[in-house]
Structure formats: structure tokens, C-alpha cells
There are 2 protein chains.
Amino acid sequence: MDRDDADSTTPDRPRISDATLRQFTGYTMKRAFNVVQADVNAVLEEFGLRMVTYSALAIVGDNPGLSQSQLAQALAIERPNLVVIVDELEGRDLVSRDRVPTDRRTYALQLTSEGARLLARATEAVRRHEARITEGLNAEEEAILVSALKKIEATDIRRS
Amino acid sequence: MDRDDADSTTPDRPRISDATLRQFTGYTMKRAFNVVQADVNAVLEEFGLRMVTYSALAIVGDNPGLSQSQLAQALAIERPNLVVIVDELEGRDLVSRDRVPTDRRTYALQLTSEGARLLARATEAVRRHEARITEGLNAEEEAILVSALKKIEATDIRRS
DNA sequence: TATTGTTATACTCTATAACTATA
DNA sequence: TATAGTTATAGAGTATAACAATA
């Protein structure tokens with residue numbers, strides 16, 4: 001991809017403006033998150049993980065014994081889609097599905113020792129990715145960024 | 001429900017923790033953006049638009065006469081995928097594809113008057129959505145939020 | 001030889017209905 | 001009757017290769 005410069009071979013449109021979209025914080029959130037997502041996916045690929053499989057490991061690690069329905073809700077994905085994710089993690093011996101005697105419909109999910117080890121290594125790599133992404137921010141800026149994002153996340157969306 | 005609860009409204013499942021993921025600003029960015037995206041998509045649906053078709057209208061409006069390749073680059077999508085988007089917008093008479101005499105390979109994209117009208121109405125609705133989303137933030141918080149996001153967006157990602 | 005727009009295609013992600021086995 | 005997990009499937013979204021027309 002060649003960059004546009006002030007060369008006469010470029011007809012009349014050297015730079016594309018996104019002024020209308022730039023007035024919106026949500027647009028800037030999307031552009032910033034695209035950069036974060038590309039970098040974190042590259043980091044996780046070294047562990048054979050994607051954002052969703054890493055997140056699943058982290059949630060199972062924080063909540064040993066939870067059910068697939070609970071994990072699906074925590075990841076905000078539909079139950080049918082979670083099945084293949086847990087299949088993959090179980091097939092790689094990172095997560096175990098244990099039957100629950102008190103309710104034989106549900107599985108209790110747990111990290112295997114290998115899953116715990118991979119999660120720990122991946123979490124360290126994601127920490128380094130985070131440091132890279134936020135290196136231009138001082139502590140106060142990052143604190144306000146996080147608190148502002150949490151307020152947006154907590155917005156009570158009302159439909160008209 | 002057959003278990004005796006201290007609170008009758010409290011479900012019998014414990015709260016799921018996302019403590020490991022919450023240490024990451026990128027995770028909070030994703031959670032916040034999910035809320036923004038759901039709301040803006042609901043807003044745009046009333047105009048028969050999605051985020052990508054609204055963005056395309058906005059970019060064409062800001063850059064009349066640009067080519068499909070330039071629009072694809074501005075939207076960060078591949079050229080083949082843009083074709084169906086422009087097909088849709090052209091089929092609804094929101095955008096016109098005009099032949100360029102100086103380079104007959106390219107199309108000059110422009111809003112039709114109906115496209116300009118729809119863009120203006122949708123932009124007003126998105127402004128109201130933005131006000132809803134950021135209503136918990138004061139001016140300083142929002143300014144720091146935007147500047148922090150722009151710094152993240154500008155992060156120079158280096159691959160090892 | 002390179003570029004614009006296009007077709008075809010494939011792979012991922014996501015969403016819904018319906019099934020089974022349990023409760 | 002309801003719930004957990006599952007299967008099948010369909011719709012988006014996204015990516016690459018290759019082609020015709022044009023430069």
C-alpha cells in the first residue's frame with residue numbers, strides 16, 4: 001500500500017476526512033479498540049488462543065466449578081456457540097467437564113493443571129501487551145479512562 | 001428455588017467473577033463498546049442502516065467524489081466487501097457511482113440528495129445516542145477519555 | 001506490469017429453533 | 001413444564017485469489 005503524498009499523480013483527494021464520524025466518542029472507541037484487538041489477538045495466537053478462548057480460561061480460572069450456561073452468560077455469547085469453545089478447550093486438555101451429582105444436567109468446568117499453566121503464561125503476555133498499548137498514558141489519564149469506560153458500560157439503555 | 005435463600009429474590013447461583021480480565025483496560029474497553037454498539041445499532045436500524053452503512057454515508061458525505069478503494073481504506077474493510085455495501089446504498093438511491101473521464105477504472109462516489117437527507121437525520125439520532133451514552137461524564141472526563149483513546153489508537157504496534 | 005472494481009469462495013462469528021436428558 | 005447441554009443451520013462479517021477493463 002503506497003501512502004498518498006503531495007505528488008501530482010494523485011488526482012484531487014490526497015487525504016480522506018472522517019470529520020463527521022470523529023465528533024462521536026463511540027467512533028473513537030471503535031478505532032482504538034481495533035488497534036487493541038489486533039495486538040492482543042497477535043499476542044494470544046502464540047498460545048493457540050483467541051480473545052474468546054483466553055477469556056473463557058480466565059473466567060473458569062476465577063470461578064472453578066461454574067456451569068457452561070454461567071460461562072456463556074459471563075462471556076456474553078449464546079450457549080450453542082459456547083459448546084464448540086469448551087469442546088476445543090477440553091480437547092486440548094485445558095478445561096475439564098465434570099459431572100455434578102446433585103444435578104446431572106450440568107457440567108462443572110475447571111481448569112486442568114495445563115490449562116492453569118497456559119492461562120498464567122498468556123496472562124503475563126497480555127499484561128505486556130497492555131503496557132505497550134497504554135504506554136502513552138500517565139496514571140491519572142488511565143484511571144479516568146477506565147472509570148469513564150465503566151460509566152459508559154453501566155449506562156442504562158432505554159429504548160424509545 | 002428449592003434451596004432456602006436469605007433473600008427470596010436472590011437466585012441460587014453465585015456471582016461470576018471476571019477479576020482476571022478486569023485488570024485489563026482493553027477488556028473494559030470491549031465491555032463498554034459492546035454497550036455503545038448495541039445502542040447505536042438499535043438507533044440506526046430505524047433508518048435501515050448498520051454501523052458500516054452509516055459510516056460509509058458519512059465518509060462519502062465528507063469526501064464527495066472519492067473512489068471505492070479510498071472508501072474501503074477509510075472504513076478499514078476489504079474492497080470486495082465494500083462492493084456489496086455500495087451496491088446496497090446505490091440500490092436505495094442514497095449514493096451514486098459516477099464514471100470518471102480521466103480514469104475510467106474508478107467510480108466517483110457521491111451522496112444523492114436523499115442520501116444527504118438520510119445521513120443528516122441519522123447523524124442527529126446518533127448525536128442523541130452519544131449524549132445518552134456519555135451523560136455520566138463531565139466535560140473534563142470526556143476530553144481525557146477521547147484523548148486517551150486517540151493515544152491508544154495511535155500506538156505504534158511493533159511485532160517481534 | 002499495476003490498479004479499480006468485481007466475482008467467487010471460504011472461514012469465522014453470531015443467532016435461533018429444536019432435540020435429549022434430566023429436574 | 002422448565003432447564004442444561006447439544007445439534008443443525010442460517011445469517012452476518014471478513015479474508016484471499018483471480019478475472020476484466022483500464023492505466
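Up top you'll find the structure we're talking about.
Residues numbered from 1 in each chain as written. Chains lettered and ligands numbered in written order. Predicted model: local features only at pLDDT ≥ 70, side-chain atom pairs only at ≥ 80, totals over all residues. Heavy atoms only, no water.

(A) Molecular detail of the relation of the copies chain B and chain A. With an RMSD of 0.1 Å, chain B superimposes on chain A once it is rotated by 180° and translated 0.0 Å along the axis. Here the symmetry operator amounts to a two-fold rotation axis. Relative to the rotation axis, the C-alpha of L145 of chain B is the closest in chain B, positioned 2.5 Å from it. Both copies share a contact surface, since 94% of the interface residues of chain B are interface residues in chain A too. (Least-squares fit on C-alpha atoms with pLDDT ≥ 70 in both. Contact = heavy atoms within 4.5 Å.)

(B) View of the packing of helix α7 (residues 139-153) of chain A against helix α7 (residues 139-153) of chain B. Orientation of α7 of chain A relative to α7 of chain B, taken along the N-to-C sense of each, is 105°, at an axis distance of 9 Å. By the angle class used here, α7 of chain A and α7 of chain B are roughly perpendicular. Seen from α7 of chain A, the contacting residues are E141, I144, L145, S147, A148, L149, K151 and I152 of chain A; seen from α7 of chain B, they are E141, I144, L145, S147, A148, L149, K151 and I152 of chain B. Residue composition of the contact of α7 of chain A with α7 of chain B, grouped by class: 10 nonpolar, 2 polar and 4 charged. (Axes fitted to C-alpha atoms, helices over the stretch in contact; angles between N-to-C directions. Helix = DSSP H or I, 4+ residues; strand = E, 2+ residues; numbered from the N terminus. Parallel < 35°, antiparallel > 145°, perpendicular 65-115°, else oblique. Nonpolar A, V, L, I, M, F, W, Y, C, P; charged D, E, K, R; others polar.)

(C) Seen up close, the protein's contact with DNA strand D. Taken together, 18 residues surround DNA strand D, and among them Q68, S69 and R105 of chain A together with R50 and R104 of chain B come closest. Among the atoms of DNA strand D close to the protein, meaning within 4 Å, 61% are from sugar or phosphate groups. Backbone polar atom of Y107 of chain A to a phosphate oxygen of DNA strand D: 3.1 Å apart, as the coordinates give it. Sorting the residues of the surface near DNA strand D by element identifies α4 (68-75) and α5 (79-91) of chain A together with α5 (79-91) of chain B as the ones contributing at least two each. Considering every element that reaches the surface near DNA strand D, the biggest residue donor is α5 of chain A, with 3 residues. The class makeup of the residues in the surface near DNA strand D is 4 nonpolar, 5 polar and 9 charged. (Near = heavy atom within 4 Å. Polar contact = N/O pair within 3.5 Å; in protein donor to acceptor, adjacent residues only side chain to side chain.)

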